[in-house]
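These are the residues of each chain, in order.
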Amino acid sequence: MRHPLLTGGVVAALLATSACSAPPASAPATSNTKPGYVSVVDEKLPSGGTLSLELPLDIAGATGFDPQVADVASSWQLLSLVYETLVTVGADFSVQPALAESWETPTPTTYVFHLREGVKFSNGRAMTADDVVGSLKRLLASQSVWRGQLGPVKDVTKTDDKTVTVTLSEAYTPFLAALANVPAAILPMKEIDDKSVDITKAMLGTGPFKVSAHRQDVSWSFARNDQYWASGKPSLAGVEVTIAPEEAARVASLQNGKASVATLGNVDSRTMLAGASNVEVLTQATTDFYYLMLNTQAPNSKFADPRVRKAINIATSRTRIADIALGGQGKATAVTPVGLPGSCDPAKLPSATASQDEAKKLLAEAGAPDLTFKLSIFATQPAPAVAQVIQQDLQQVGIKVEIEQMDEASWAGKVYGAAPATFDAALSWFAGYADPGMVTKWWNPDVSFFNKGFMKTDAGLSGLIDAANKLPVGGQRDAALAQVCTKVDEDAQMIPLVTRPSTVALRTDAASVSLYAVEGYGNPLRLLSDFRKPAA
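Going by what an unreviewed UniProt entry lists, the protein chain is known as Solute-binding protein family 5 domain-containing protein and is assigned to Phytohabitans rumicis. UniProt lists a comment for the protein chain under the heading Sequence similarities (unreviewed entry), and it reads "Belongs to the bacterial solute-binding protein 5 family."

Quick look at the structure:
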């Protein structure tokens, strides 16, 4: 049977946990006429034309173009224009067909996928069951961080030319939601195996677009994939992407018409665009959230004592981060993204009910009343604003924080480049996905790998995470996830903070867009194949 992970009421719940969006910068809202969306494309506009899009980050150069090893949302956004997965998520976060037109689960550990007819890669070759089987087996055999999200896969087999069966060794509730993200994309296995395509250097997918040109950290050119299986899509003839790290540059491009669409992070950008002709600013709620990493694995770590970590957790005000750094558009969250069914109430966490005096007492008991540490952050907004609030909060309990700001590549090298890692503390964000148990798996370094250099595995916590993800949706699983939330809060090696809103700005005279009200995989470009461009 089908397993919709979330119902239509989920979107309402998630939106209720996010502050209301401010009005558009200039132009009146043109859409929001469909439940679950903040914007719906004007289908009366003609197809064709090339959209100009500006983004702050390119695909991570260190991982290349292979979607299976892509581990950051900026990569997923661009890769999603070319690659597709067996399933996707809808506006209500229910799992929906993509390259699999349907599926059944005859047992809790068996998934039978029926592949869509007429799907071709952009080189014209038909997608086969062998591509699906090979792609999933390749992912499971890889060093990808995403392989752990697929859970206890026992086998992947070709039942016939249009059917693939996946067998798990035990029940795993997030399985379908894990298949919905870019790292689980279906790859051209024939071309990979015969080495006619190196997917670390070139893209070949079944998606709506194909790559025409690319200059790393500068630009992309995408053209319509004429082989695309979805009738009438993509609406655009092409997309020109400019990588513009400075937010002020993206704002200027919207003002002067150089960009049709841009993603933004600074909450002040809406004000900067006020009065700009034909500009609309859309805020999308997400299940993504910021978190603070405290390195317990460095020699002579300042955070080896759990009392120090607990004190920092208590003293950090999620409400102030949401209100000041995110302009009221984020919400405090536990490790399970706030608003998703089965998620914990962050107000009931131990750290939320403790006082600053208790934080000071813990620091004194740990012999660290005058703690000083460096917080490493990337320069992309609003991370610097979040870090400044943390700095101010910790100062109230006697902790001095020095903020070290750097570009994304340098930051990633410092945080993930060595084991044990050498940084003191760092700030980042996770996509929250569509199932509350998925992101919890990143709190087990033996599954996630990326944090083994700075986080000690807690066997008790890992056991709680695995136990919760075996349970079917319902009260028993909710209770199990609540135990996970409490344990993560007390451990405080990686501290969940606040949800991260997504902001998309567009020129209404140059673009018409569809945008879900809530996004769970860090990808505001999910519906780009629907975007249209008004005639000049």
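Additional details are given in the paragraphs that follow.
## Let's talk about the packing of aromatic side chains
For the coordinates displayed, the defined rule picks out 24 aromatic pairs. A ring pair is formed by F303 and F373, whose centres lie 5.2 Å apart and whose planes are at 80 degrees; its orientation type is edge-to-face. Here F303, found in the loop between β14 (289–294) and α8 (306–315), pairs with F373, found in strand β15 (residues 372–378); they are 70 residues apart in sequence, far enough to count as distant. The same class applies to F303 as to F373, namely buried. For the ring pair W411 and Y416, a centre distance of 5.6 Å and an interplane angle of 90 degrees mean the geometry is edge-to-face. On the basis of relative accessible area, W411 is assigned to the buried category, the value being 4%. Over the ring of W429 we find R500, and its NZ or CZ is 3.7 Å from the ring centre.

## Here's the deal with the state of the cysteines
Applying the stated criterion across every chain yields a total of one disulfide. Paired through a disulfide, C344 and C485 show a sulfur-sulfur distance of 1.7 Å. With the S-S bond torsion at 75 degrees, the cross-link from C344 to C485 turns out right-handed. Of this pair, C344 sits in the loop between α9 (318–325) and α10 (356–365) while C485 sits in helix α15 (residues 475–491), and the two are 141 residues apart along the sequence.

## Re the domain arrangement of the protein chain
Partitioning the protein chain into structural domains gives domain 1 (37–56 + 208–286 + 501–530), domain 2 (73–194) and domain 3 (289–499). One C-alpha centre belongs to domain 1, the other to domain 3, and the line joining them spans 31 Å. Each partner contributes to the interface: domain 1 provides 13 residues, whereas domain 3 provides 14 residues. Summed over both sides, the interface between domain 1 and domain 3 buries roughly 960 Å², with carbon and sulfur atoms accounting for 62% of that surface. Inspection of the domain 1/domain 3 interface yields zero salt bridges. The tally of links between domain 1 and domain 3 comes to two residue pairs in polar contact (both at pLDDT 80 or more). Here the residues of the side of domain 1 that touches domain 3 are counted per class, giving four nonpolar, seven polar and two charged.

## A closer look at the pairing of strand β19 (residues 502–507)
Of all the six residues making up β19, six are buried; the element is thus mostly covered by neighbouring parts of the structure. The alternating pattern of β19 places S502, V504 and L506 on one face and T503, A505 and R507 on the opposite face, and all of these are buried. As paired strands, strand β12 (residues 261–264) and β19 are joined by four bridges and run antiparallel to one another. For T263, the partnering residue across the bridge sits in β19 and is V504.

## Regarding the layout of surface pockets
The space that makes up the second largest pocket amounts to roughly 780 Å³. Surrounding the second largest pocket, 35 residues form its lining, T88, Y516, R526, L527 and S529 being those nearest its centre. The set of elements that each furnish at least two residues to the lining of the second largest pocket consists of β3 (87–89) and β4 (95–97). Here the residues of the lining of the second largest pocket sort into 19 nonpolar, nine polar and seven charged. The residues that make up the lining of the second largest pocket include at least three from each of domain 1 (37–56 + 208–286 + 501–530) and domain 2 (73–194).

## Structural notes on the sheet that holds strand β18 (residues 494–499)
An order of β16-β15-β17-β14-β18 is seen for the five strands of this open sheet, with the pairing classed as mixed. Strands at the two margins of the open sheet, each flanked by one partner only, are β16 (400–406) and β18. Averaged over all pairs of adjacent strands, the angle between their axes in this sheet comes to 30 degrees, without regard to strand direction. Bridging between β14 and strand β17 (residues 425–430) involves six bridges; their strand directions are antiparallel. Counted as the bridge partner of M293 is A426 from β17.

## With respect to empty space enclosed by the protein
One pass over the full model with this rule turns up four cavities of 30 Å³ or more. Every residue lining the largest cavity is listed: N313, R318, T333, A334, V335, L349, C485, V488, D489, I495 and P496. Mapped onto the lining of the largest cavity, the elements with two or more residues apiece are α15 and β18. Ranked by the residues each element gives to the lining of the largest cavity, the list is headed by α15, at three residues. Taken together, the residues of the lining of the largest cavity sort by class into seven nonpolar, two polar and two charged.

## Some words on the sheet that holds β19
Spatial ordering of the open sheet is given by β9-β10-β11-β2-β12-β19-β13-β21, a layout of eight strands whose pairing is mixed. Only two strands of the sheet have a single neighbouring strand rather than two, namely β9 (209–215) and β21 (518–519). Bridge count between strand β13 (residues 279–286) and β21: two bridges; the pairing is parallel. By the bridge assignment, T286 is partnered in β21 with E519. Against the sheet, helix α6 (residues 247–256) contacts β2 (50–55), β12, β13 and β19, and its axis sits at roughly 150 degrees relative to β12.

## Thoughts on the environment of A262
Take A262: it is sitting in strand β12. Along the sequence, A262 and A98 sit 164 residues apart, while their C-alpha atoms lie 26 Å from each other. Once you skip the residues sitting within four places of it in the chain, A262 turns out to touch L53, E54, R250, L254, T503, V504 and A505.

## Concerning unusual backbone geometry
Of the consecutive residues K233 and P234, the connecting peptide bond is found in the cis state with omega at -5 degrees. Summarising the element assignment, P234 is placed in the loop between β10 (219–224) and β11 (238–243). Going from Q381 to P382, the amide bond is cis rather than trans, its omega being 5 degrees. Positive phi outside glycine occurs at K195, with the angle close to 65 degrees.

Calculation criteria
Residues numbered from 1 in each chain as written. Predicted model: local features only at pLDDT ≥ 70, side-chain atom pairs only at ≥ 80, totals over all residues. Heavy atoms only, no water. UniProt positions renumbered as here; feature names shortened; annotations may be inferred. Phe/Tyr/Trp six-rings, centres within 6.5 Å; stacked < 30°, edge-to-face > 60°. Helix = DSSP H or I, 4+ residues; strand = E, 2+ residues; numbered from the N terminus. Buried < 20%, exposed > 50% of the residue type's maximum accessible area, 1.4 Å probe, protein only. Lys NZ or Arg CZ within 6 Å of the ring centre and 35° of its normal. Disulfide = S-S within 2.5 Å. Domains from an automatic or database assignment. Contact = heavy atoms within 4.5 Å. Buried area = accessible area lost by both parts, 1.4 Å probe. Salt bridge = Lys/Arg side-chain N within 4 Å of Asp/Glu carboxyl O. Polar contact = N/O pair within 3.5 Å; in protein donor to acceptor, adjacent residues only side chain to side chain. Nonpolar A, V, L, I, M, F, W, Y, C, P; charged D, E, K, R; others polar. Pairing = 2+ DSSP bridges. 1 Å grid on protein atoms, 1.4 Å probe; cavity = no way out; pocket = protein on both sides within 12 Å on 5 of 7 lines; lining within 4 Å. Points joined across faces, edges and corners; volume = space filled by probe spheres on them. Axes fitted to C-alpha atoms, helices over the stretch in contact; angles between N-to-C directions.

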